[in-house]
Amino acid sequence: MRHCIIALVILALALSFCIISSNAIRTACSETLTLLQRAQKAVKREDFDTAQPLLRKAEQNWSDHERFFGIVLRHDEADDVMKDFAALKQYAVTQDLDEYLATAASLMATIEHISNMALASYHNILSATAEKTPWVFSVVECRLLCV
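Residues numbered from 1 in each chain as written. Predicted model: local features only at pLDDT ≥ 70, side-chain atom pairs only at ≥ 80, totals over all residues. Heavy atoms only, no water.

Student: Help me understand the overall build of the protein in this model?
Tutor: For the protein, the helix and strand inventory stands at six helices and zero strands. Along the chain direction, N to C, the helices and strands of the protein fall in the order α-α-α-α-α-α. For the protein, the proportion of its 147 residues judged to be buried stands at 29%. Restricting to contacts in the protein with at least 6 residues of sequence separation, those with at least 24 account for 68%. Of the accessible surface of the protein, which amounts to about 10,000 Å², a share of 62% is contributed by carbon and sulfur atoms. (Helix = DSSP H or I, 4+ residues; strand = E, 2+ residues; numbered from the N terminus. Buried < 20%, exposed > 50% of the residue type's maximum accessible area, 1.4 Å probe, protein only. Contact = heavy atoms within 4.5 Å. Areas by Shrake-Rupley, 256 points an atom, 1.4 Å probe, with all protein chains shown as cover.)

Listed below in structure tokens is the structure:
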């Protein structure tokens, strides 16, 4: 009986962490997206002076959560966001409207994707399982070949 209670407590803690981390990811992504959308509207008006502080604030908001994202997100996703922020800052300085808008759209799509992947839905669970399956098979095949 004691083992069942311990298992249930561990399960409850794991579930709590999943719910809290999902909410934290979605909140951080939402705040960053709002700032990026405001910056994009300013750039569309060719007001780069207004867009630059908004862009810095969006990047700072993302950076404030970077350690946490390093734990709960895939590293390539977080790295792509930081690369796009660096490119956006450069395009804002050079006032390159087309490149800025294209990179901003890509960045916002990436952040929105990250936010959506934090949801506990059947699609996300099945896609995460499908991504890991080839790796599992390759380890099994490797072990069989070594024997």
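Student: I keep staring at the side chain of Glu77 and nothing clicks. Help me out?
Tutor: Turning to its location among the elements, Glu77 is positioned in helix α4 (residues 75-94). The buried charged residue Glu77 lacks any salt bridge partner; its closest oppositely charged side chain belongs to Arg74, at an N-O distance of 4.1 Å. Those residues in contact with Glu77 that lie beyond four places of it in its chain are Thr110, His113 and Ile114. (Lys, Arg positive; Asp, Glu negative; His and termini not counted. Salt bridge = Lys/Arg side-chain N within 4 Å of Asp/Glu carboxyl O.)

Student: Is there a simple way to think about the packing of helix α2 (residues 48-64) against α4 in this case?
Tutor: Between two packed helices, the angle of one axis relative to the other and the distance separating the axes together describe the packing. Two numbers describe how α2 lies on α4: the axes approach to 10 Å, and their chain directions differ by 160°. Between α2 and α4, the interaxial angle falls into the category roughly antiparallel. By crossing handedness, the relation of α2 to α4 is classed as left-handed. Along the contact surface, α2 presents Phe48, Gln52, Leu55, Ala58, Glu59, Trp62 and Ser63, while α4 presents Ala78, Val81, Met82, Phe85, Leu88, Lys89, Tyr91, Ala92 and Val93. (Axes fitted to C-alpha atoms, helices over the stretch in contact; angles between N-to-C directions. Parallel < 35°, antiparallel > 145°, perpendicular 65-115°, else oblique. Left-handed = near helix turned anticlockwise from the far one by under 90°.)

Student: When you look at the packing of aromatic side chains in this model, what are you seeing that I'm missing?
Tutor: How two aromatic rings sit relative to each other is set out by the distance from centre to centre and by the angle between their planes. Taken as a whole, this structure holds three aromatic pairs when the rule is applied. Ring geometry for Phe48 against Tyr100: centres 6.3 Å apart, planes inclined by 90°, an arrangement best described as edge-to-face. Placement of the pair is Phe48 in helix α2 and Tyr100 in helix α5 (residues 97-117), with a sequence separation of 52 residues. Neither residue differs from the other here; Phe48 and Tyr100 are each classed as buried. Measuring from centroid to centroid gives 6.3 Å for Phe68 and Phe69, while their planes differ by 45°, and the two rings are tilted. (Phe/Tyr/Trp six-rings, centres within 6.5 Å; stacked < 30°, edge-to-face > 60°.)

Function-wise, these values are silent; they only describe arrangement.
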